[in-house]
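What the coordinates show
Here is what each chain is made of, one letter per residue.
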Amino acid sequence: MGDQGRRNGGVDPSALDEPQLLKELETIHRTRHETLLYGSQDALAAHNTRMAQLEGEYLRRHPDRQVAAGRTREGARSRNCDGDSPHAHGR
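What you see is a predicted model; the values in this text were computed from it and never measured.

Rules used in this analysis
- Residues numbered from 1 in each chain as written.
- Predicted model: local features only at pLDDT ≥ 70, side-chain atom pairs only at ≥ 80, totals over all residues.
- Heavy atoms only, no water.
- Helix = DSSP H or I, 4+ residues; strand = E, 2+ residues; numbered from the N terminus.
- Buried < 20%, exposed > 50% of the residue type's maximum accessible area, 1.4 Å probe, protein only.
- Contact = heavy atoms within 4.5 Å.
- Areas by Shrake-Rupley, 256 points an atom, 1.4 Å probe, with all protein chains shown as cover.
- Core = buried A, V, L, I, M, F, W, Y, C linked by side-chain atoms within 4.5 Å.
- Expected span 1.5 Å × (residues − 1).
- Bend = angle between axes of the 7 residues up to and from the residue.
- Polar contact = N/O pair within 3.5 Å; in protein donor to acceptor, adjacent residues only side chain to side chain.
- Salt bridge = Lys/Arg side-chain N within 4 Å of Asp/Glu carboxyl O.

With respect to the overall build of the chain
Along the backbone of the chain there are three helices and two strands. Each helix and strand of the chain, ordered N terminal to C terminal, gives the series β-β-α-α-α. Going through the 91 residues of the chain one by one, you find that 19% of them count as buried. For the chain, restricting intrachain contacts to residue pairs at least 6 apart in sequence, the fraction spanning at least 24 positions comes to 51%. Total accessible area on the chain stands at roughly 7200 Å², and carbon and sulfur atoms take up 49% of it.

Structure (structure tokens):
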């Protein structure tokens, strides 16, 4: 791809096709924990920036994506009211 569509942290997410974007998202989410625990401040900052770029592009492309009821504030409150607090099971 050369320099066309590149940013400091990689290919501009808007230049990625859907499978490439999903692969990049999968990779960055898989490496997140290790970067947080062991990466330098610069590595963590670059990771944060790239993750925000990729996630932002995904959300731009999928504004009407399906949202699970349990992943909303109302859904979380409903779980907590049922005695299933996130901390009750070590989550």
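Quick notes on the nonpolar core
For soluble globular proteins, nonpolar side chains are generally found buried alongside one another. The biggest cluster of nonpolar side chains holds seven residues, and these are Val11, Leu16, Leu21, Leu25, Ile28, Met51 and Leu54. If you list the elements that add at least two residues to this core, you get helix H1 (18–38) and helix H2 (41–61). Take this core: its biggest share by element is three residues, from H1. The residues touching Ile28, leaving out its near neighbours within four places in the chain, are His47, Arg50, Met51 and Leu54.

With respect to the environment of Thr49
By the element assignment, Thr49 lies in helix H2. By relative accessible area, Thr49 is classed as partly exposed at 45%. In this structure the C-alpha to C-alpha distance between Thr49 and Gly9, which are 40 residues apart in sequence, comes to 7.9 Å.

A word on H1
Between its first and last C-alpha atoms H1 spans 30 Å; for 21 residues at 1.5 Å apiece the expected length is 30 Å, and the two agree. In H1, a bend of some 40 degrees at Arg32 exceeds every other bend along the element. Three or more residues of H1 are buried, namely Leu21, Leu25, Ile28 and Thr35.

Side note on the environment of Thr31
Tracing the backbone shows Thr31 in helix H1. Along the backbone, Thr31 and His47 are 16 residues apart, and their C-alpha atoms lie at a distance of 9.0 Å. Here His47 takes part through its side chain, which lies 3.0 Å from a polar atom of the side chain of Thr31.

Here we look at the pattern of salt bridges
A complete count under the given rule lists four salt bridges for this structure. Across the pair Arg61 and Glu18 runs a salt bridge, and its minimum N-O distance is 3.0 Å. In this pair, Arg61 is assigned in helix H2 and Glu18 in helix H1, connecting sequence segments 43 residues apart. By relative accessible area, which is 27% here, Glu18 ends up partly exposed. The partner of Glu24 in a salt bridge is Arg50, with the nearest N and O atoms 3.5 Å apart. One end of the pair, Glu24, is in helix H1; the other, Arg50, is in helix H2, with 26 residues separating them in the sequence. Judged by its relative accessible area of 33%, Glu24 falls in the partly exposed class. Several salt bridges share partner residues, and in doing so they unite Glu18, Glu57, Arg60 and Arg61 into one network.

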